[in-house]
Structure formats: C-alpha cells, structure tokens
Amino acid sequence: MKKWALPTLIVLLLAGCSGKNAYNDGVFRGEAMGFSKDVPIEVEVSIVGGNMVAVEVVNHDESVEQVPQVQEVLDTLPGAMVKKNMTHIDSIAGATETSKGIGNAVEKALERAK
C-alpha cells in the first residue's frame, strides 16, 4: 500500500462521518392508508440527534378485532423501526397492508423532518 493511501482513506472516512444529520430534531406527523380505505393510519415520529427515538401510531381504523395480526403490527412494528432506525421492516403475515401503511406514514413524517 502506498504511504499516502491510508491517511487519505482515514480523511475520507472522517469526512463522511461529519456530515449533517439526515433529520431535524422534533416530533413530526405522517399519515398513509393501511388496510382501511376510510381512515388513514396517523403516526408521530420523534427525532433526536438526527435519529428516530420513538414512533407512535396515534390514530387508525385497522381491523384489530377481526385480524389478530393487526394488533401485533401495531404493538411491534413502530419499536422495530426505532431500533433499526429505518422504515423498511418485514411485514407481519396477515397484516401486510397495515404494515405497509405504518411504514409509509413514518416515511411521510420523516420527509417533514428533513
């Protein structure tokens, strides 16, 4: 390896780490349609230090009583998004539309956070 290669690589890596956070801090709302075609899923996403620290579903009309998997999605998907700091989380079988709706609502909230 050339003598200049390692210092150059270190400088490039550090420059990439010092960029602006992807998101502004605050609480941002987003909404998107899930399985229910009448009422959108509404979420609030809290951002601290440029990262998601909380995702809360604040309103929905999803079929919790008819489809038990919907409650599982509502209970687990927001926390999984926060833990991985991403919106693309595997859907839960039987509640795919609700999973997609939450993910799309969070993405819209994150667009507002830019």
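Here the structure is a predicted model, which means the values were calculated and not measured.

1. Concerning the overall build of the protein chain
- For the protein chain, the helix and strand inventory stands at 3 helices and 3 strands.
- For the protein chain, the N- to C-terminal ordering of α and β elements is α-β-β-β-α-α.
- Expressed as a percentage of its 114 residues, the buried residues of the protein chain come to 32%.
- For the protein chain, the exposed area adds up to about 7300 Å²; of that, 56% sits on carbon and sulfur atoms.

2. Thoughts on the pattern of salt bridges
- Taken as a whole and assessed by the stated rule, the structure comprises 3 salt bridges.
- A salt bridge links Glu44 to Arg29, with the nearest nitrogen and oxygen atoms 3.1 Å apart. Note that Glu44 is positioned in strand β2 (residues 41-48) and Arg29 in strand β1 (residues 26-32), a separation of 15 residues in sequence.
- On the basis of relative accessible area, Glu44 is assigned to the partly exposed category, the value being 23%.
- Classification of Arg29 as partly exposed rests on a relative accessible area of 42%.
- Among the salt bridges present, the one from Lys114 reaches Glu111, with a minimum N-O distance of 3.3 Å.
- Each of Arg29, Glu42 and Glu44 takes part in a single network of salt bridges with overlapping partners.

3. Some remarks on the sheet that holds β1
- The strand order across the open sheet built from 3 strands is β1-β2-β3, with neighbouring strands paired in antiparallel fashion. Whereas interior strands pair on both sides, the edge strands pair on one side only; in this sheet they are β1 and β3 (51-59). Shown here is a sheet whose adjacent strand axes are inclined to one another by a mean of 25°, direction ignored.

4. Regarding the nonpolar core
- Within the largest apolar cluster, 23 residues are counted, with the highest numbers of intra-cluster contacts made by Val45, Ile47, Met52, Met81, Ile102 and Val106.
- Counting residues per element, the ones that place at least two in this core are β1, β2, β3, α2 (68-84) and α3 (96-112).
- Ranked by the residues each element gives to this core, the list is headed by α2, at 6 residues.
- If near-sequence neighbours (up to four positions away) are discounted, Ile102 is found in contact with Ile41, Val57, Val73, Leu74, Leu77 and Met81.

5. Side note on the confidence of the model for the protein chain
- The predicted model of the protein chain averages 87 in pLDDT, with 82% of residues at 70 or higher.
- Within the model, pLDDT remains below 50 along residues 4-19, and this stretch shows 1 contact once partners closer than five positions in the same chain are excluded.

6. Observations concerning unusual backbone geometry
- With a phi angle near 55°, Asn85 is a residue other than glycine that sits in the positive phi range.
- Note on placement: Asn85 falls in the loop between α2 and α3.

Definitions and cut-offs
Residues numbered from 1 in each chain as written. Predicted model: local features only at pLDDT ≥ 70, side-chain atom pairs only at ≥ 80, totals over all residues. Heavy atoms only, no water. Helix = DSSP H or I, 4+ residues; strand = E, 2+ residues; numbered from the N terminus. Buried < 20%, exposed > 50% of the residue type's maximum accessible area, 1.4 Å probe, protein only. Areas by Shrake-Rupley, 256 points an atom, 1.4 Å probe, with all protein chains shown as cover. Salt bridge = Lys/Arg side-chain N within 4 Å of Asp/Glu carboxyl O. Pairing = 2+ DSSP bridges. Axes fitted to C-alpha atoms, helices over the stretch in contact; angles between N-to-C directions. Core = buried A, V, L, I, M, F, W, Y, C linked by side-chain atoms within 4.5 Å. Contact = heavy atoms within 4.5 Å. pLDDT = per-residue confidence, 0-100.

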